[in-house]
Structure formats: C-alpha cells, structure tokens
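Structure assessment
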Amino acid sequence: MASASLRVPRRVAAASLVGTTIEWFDFFIYGTAAALVFNKVFFPSVDPAVGTIAALGTFATGFIARPIGGAVFAHFGDRVGRKPMLVYSLLLMGAATVGIGLLPGYATIGVLAPVLLVFLRFAQGFGVGGEWGGAALMAVENAPDGRRGFYGSWPQVGVPLGLVLGTGSFLVLDLTVSEAAFMSWGWRIPFLASAVLIAVGMWIRLTVAESPVFQRDQEKREASRMPVLQVLREHPKLIFLAAGSFVATNATFYISSVWLVSYATTQLDYERSTILGANTLLSASDIPMILLLGLLSDKVGRRPLFLAGMGLLALFSVPYFLLVQTGVVGLFILGGLVVQACRSAVYGPQSAYFSELFPTHLRYSGASLSYQLASIVGGVAPAICGLLVLWTGSLMAVAGFTVLLALISLASSWGMTETLTRGLDGSSEPPRVAAQT
C-alpha cells in the first residue's frame, strides 16, 4: 500500500491525467475531423485542396485562442487557485465540443455553419489554454522532492492518451460505418460522446484539494493584482525562451497528427484506416516514453534532455519525411517513433521545468504563457505545410520547415538554465536567464 506521503501526489497526478486526457481528446478529435471531413461538410463550395486548407485554418483558430485563454485562466489561477480553473476549463471545453457535434453543415445553414464552427473552435482553444498550466502545476506542486519530473509527466501523458482515444474512435467509425454514413453523422459521434467523458472528469477534479504550495504562498504574501502583466514585465526573456524551447515539439506534433493524415491519404496513397491505425499506435508508444523521460530528468536534469531532443530532431527531420514518402507503413511508423522520442525528451520534463522557472505567485501565468505562445505556431503549422506543398510540390519543403523549427527550439533551450535542484518553496526570484550552465 502506498505511504501517506505518496498517496496524495499519486491521486493528484492521476486526476490531472484523467482531466487532461479528456480535454485533449476533445481538442484532437477536431484536428482529425478537420483533416478528413470538414472540407466537405463546411467548405463544399471551393476546390478540395483549398477546402482542406480552409478546414485546417479553422483548426488553427483554437491555437490563436489558447494564449488568450491561458492568460485569463492564469490570472485567476495565480490569484484564486489552481483547482477552480481546472473545473471551469473542463466545462468550457465540453460545452464547445458537444456544440460542434450538433452543428449543422453548410448544406443546411449555409455560410453560418463555418462561422459557428470557428466560434466553437475558439471556445475550445480558450478552454484548453487554461488547462495545461493548472494540471501541470497541480501535479508538480504536489510532487515529493526529487520526483517533480516524474509526477509532472503524468498530465503530459494526457496528450498522447487523448490522441489515442480520439484517433481510435475515428478508426473504429471508419471500419464500421459506410463512407456516406461517416460523412453524414458518423464523425459527430466522438464529439457528442465527450459529454459523458466531461461528467467523469468533473467528478474526479472536484475531489482533489487545492495545491498546498499555492496555499502556503498565499499565507506569506498578498496575491499579485495582475500576475500576467507582472510576469511579462519582469521576466519577458525567460517566457520567450521557454516558448521557443517548446515550439518545435508542439508544431511537429500537429504536423504529424493532423496535416500528415490528410496529405498521406490524398497524395501518398495510404489508406485512411492505415494512417489512423499507425497514428494510434504511435500515440500509444508516446505514453511510456514521456513517463520514462520525465523520470530521467529527475536524475540528469531538464535542460540536457531538451537539448538532446531538439538536436536529434534537427538532424532527423529530412530522413523522417523521406521515410514517410516511401508509402510503406512500416517505415512511416519507424520514422514516427524517432520523432516522438525527440518530442518526448521535451514533453516529459516540461511540466517540472516550466514550473521551476517561475516563483509560486506568478507560476501559473509564466508557465501557461510560455506553453501557449508556442502553441500558436503549432496551430498554424498544418496550414503552413499545406501551403508549402501547394507552392513547391515537394514534401522536402515541409522537412525544411521542421528543421528550422528544431533549430529555433535548440537555440532557445541553450539559452535557458538548469532548474533541477531548485525548490518550489524557495526564493521568489526566478532563475537568471543564462547563455549556458
């Protein structure tokens, strides 16, 4: 039986995992639907290639909303508490997702359909913008000393697990209903099923207590009146370095899980069920990698893993797309495994790293802004890839784009400092941004 000292951290980590899984399931099913369905349902009057880019453009709307939602939720998360923000973000995400599942298509209500789709996607992005910071901080601030990397990796697992459930649900539908049924109503099922998942997530989150680190800090100091503005004023360089360190991990995730689904099935002759199955398998493999690399960061540090992951991604980007271009699913999966290992080297330790960078009274704001600013590039990356291929006719243009992103993250990670030995209850001053450690 777990000791009393570990029982609470484990329960909080499990609650963070369940909540983030549900929120990311909601967020990701939109990406799969945008790649496979939305061009025909909401943009049927334009050329198919343009319709796909337009559908992926609505996908990007969620990422534009994420920094806004992150800032709003972070403001109250640093003033009121972590737990209430997690509850509200889950409710908002659930309502928007079910709304998309009920939304009539262009054939029924005309141009109002894509307009409402963009609005609901914005609401999704606003909700998920507040999710990551709260879930990451709850897990990290409840973790035992020396285990923040491992416990912080649990909410990170919600991303691949949410993608497994989301992609898997579309795979089941693809294998069990006709093409006409899938396009008419089948794609709506994952969105509507979200209502049940949200109810489960709400019950779990309401049973978790507020972060003790936050409560102790509130007893010592008055909460910042405007924590988001304060962290931007006092630590802008640190925020932008942290955002830059994550930009390639975030963007390449959406390139492979959203844009490549569309490109591989329309231009490379992969079967839709094959790509959905491959992405489901790859997402499942992400789960142990994230946990193991989060645990490893407690031994070797956060920064070395960030540097190693982004350095390897810069070197492997061109070989990866060459493997994808073969049309052989085994090589597609092999390349995907290497890329995911690179991303997991960043994503596993990220909750702990970003939390350790900022003092408690500004932590939600600093960590959320860093994460969500990087997500803007991730959101537009699928549409950029579509435009690059449209302009050049070559998948190597996308490979070059990926190399550029990896180099940006490598340089940003180099500019950050190590935080492994820094305690969350220590000095209020964040670490000094250094060229190296």
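Residues numbered from 1 in each chain as written. Predicted model: local features only at pLDDT ≥ 70, side-chain atom pairs only at ≥ 80, totals over all residues. Heavy atoms only, no water.

As recorded by an unreviewed UniProt entry, the chain carries the name MFS transporter and is attributed to Actinomycetospora rhizophila.

Before going further, it helps to examine the overall build of the chain. Secondary structure assignment for the chain yields 17 helices and zero strands. Taking 22 Å as the expected radius of gyration for a compact globule of 437 residues, we find that the chain reaches 21 Å, a close match to that expectation. With the C-alpha coordinates of the chain rotated into their principal frame, the extents come out at 60 × 45 × 45 Å. When each of the 437 residues of the chain is scored for burial, the buried share is 62%. Put simply, of all contacts in the chain between residues at least 6 apart along the chain, 85% involve residues at least 24 apart. With the model as given, the accessible surface of the chain reaches about 15,800 Å², and the carbon-plus-sulfur share is 69%. Once the 27 positive and 22 negative side-chain charges of the chain are each reduced to a mean point, those two points are 5 Å apart. (Helix = DSSP H or I, 4+ residues; strand = E, 2+ residues; numbered from the N terminus. Rg over C-alpha atoms; globule rule 2.2 N^0.38 Å. Buried < 20%, exposed > 50% of the residue type's maximum accessible area, 1.4 Å probe, protein only. Contact = heavy atoms within 4.5 Å. Areas by Shrake-Rupley, 256 points an atom, 1.4 Å probe, with all protein chains shown as cover. Lys, Arg positive; Asp, Glu negative; His and termini not counted. Charge placed at Lys NZ, Arg CZ, Asp CG, Glu CD.)

Our focus in this paragraph is the nonpolar core. Within the largest apolar cluster, 110 residues are counted, with the highest numbers of intra-cluster contacts made by Phe38 and Phe354. At 18 residues, the largest contribution of residues to this core is made by helix H12 (residues 236-266). Listed in part, the seven residues of the second largest apolar core include Ala15, Leu86, Ala135 and Val208. (Core = buried A, V, L, I, M, F, W, Y, C linked by side-chain atoms within 4.5 Å.)

Okay, unusual backbone geometry next. One non-glycine residue, Asp269, lies in the positive phi region at around 65°. By secondary structure assignment, the location of Asp269 is in the loop between H12 and helix H13 (272-300). The exposed category is assigned to Asp269, whose relative accessible area is 69%.

Mean pLDDT for the chain: 85, with 92% of residues reaching 70 or above. Highest mean pLDDT in the chain belongs to helix H17 (residues 396-415) (97); lowest belongs to helix H10 (residues 212-220) (73). Confidence over residues 1-5 falls short of pLDDT 50; this stretch has three contacts with residues more than four positions distant or in other chains. Contacts for the low-pLDDT stretch residues 427-437, under 50 throughout, to residues beyond four places or in other chains number 32 contacts. (pLDDT = per-residue confidence, 0-100.)

With their axes 9 Å apart at the nearest point, helix H6 (residues 112-141) and helix H16 (residues 360-392) run at an angle of 130° to one another. On the basis of the axis angle, H6 is oblique to H16. When you trace H6 past H16, the crossing you get is right-handed. Where H6 approaches H16, its residues Val128, Gly129, Gly130, Trp132, Gly133, Gly134, Leu137 and Glu141 are matched on the opposing element by Thr360, Arg363, Tyr364, Ala367, Ser368, Tyr371 and Gln372. (Axes fitted to C-alpha atoms, helices over the stretch in contact; angles between N-to-C directions. Parallel < 35°, antiparallel > 145°, perpendicular 65-115°, else oblique. Left-handed = near helix turned anticlockwise from the far one by under 90°.)

The next point concerns the packing of helix H7 (residues 148-176) against H13. Each pair of packed helices can be summarised by the angle the axes make with each other and by the distance between the axes. Running from N to C, H7 and H13 cross one another at 175°; their axes reach a closest spacing of 8 Å. On the basis of the axis angle, H7 is roughly antiparallel to H13. Of the residues that constitute the contact of H7 with H13, the class distribution is 16 nonpolar, twelve polar and five charged. (Nonpolar A, V, L, I, M, F, W, Y, C, P; charged D, E, K, R; others polar.)

We now examine empty space enclosed by the protein. Taken as a whole, this structure holds five cavities of 30 Å³ or more when the rule is applied. Its volume calculated, the largest cavity comes out at about 140 Å³. Mapped onto the lining of the largest cavity, the elements with two or more residues apiece are helix H1 (4-36), H7, H12, H13 and helix H15 (329-356). Examining the composition of the lining of the largest cavity, we find that five residues originate from one element, H12, more than from any other. Counted as a void, the second largest cavity has a volume near 110 Å³. In terms of lining, the second largest cavity is formed by Leu163, Phe253, Ser256, Ser257, Asn279, Leu282, Ser283, Tyr320, Gly336, Val339, Gln340 and Arg343. Top element by residues in the lining of the second largest cavity is H15. It accounts for four residues. Here the lining of the second largest cavity is built from residues that sort into five nonpolar, six polar and one charged. (1 Å grid on protein atoms, 1.4 Å probe; cavity = no way out; pocket = protein on both sides within 12 Å on 5 of 7 lines; lining within 4 Å. Points joined across faces, edges and corners; volume = space filled by probe spheres on them.)

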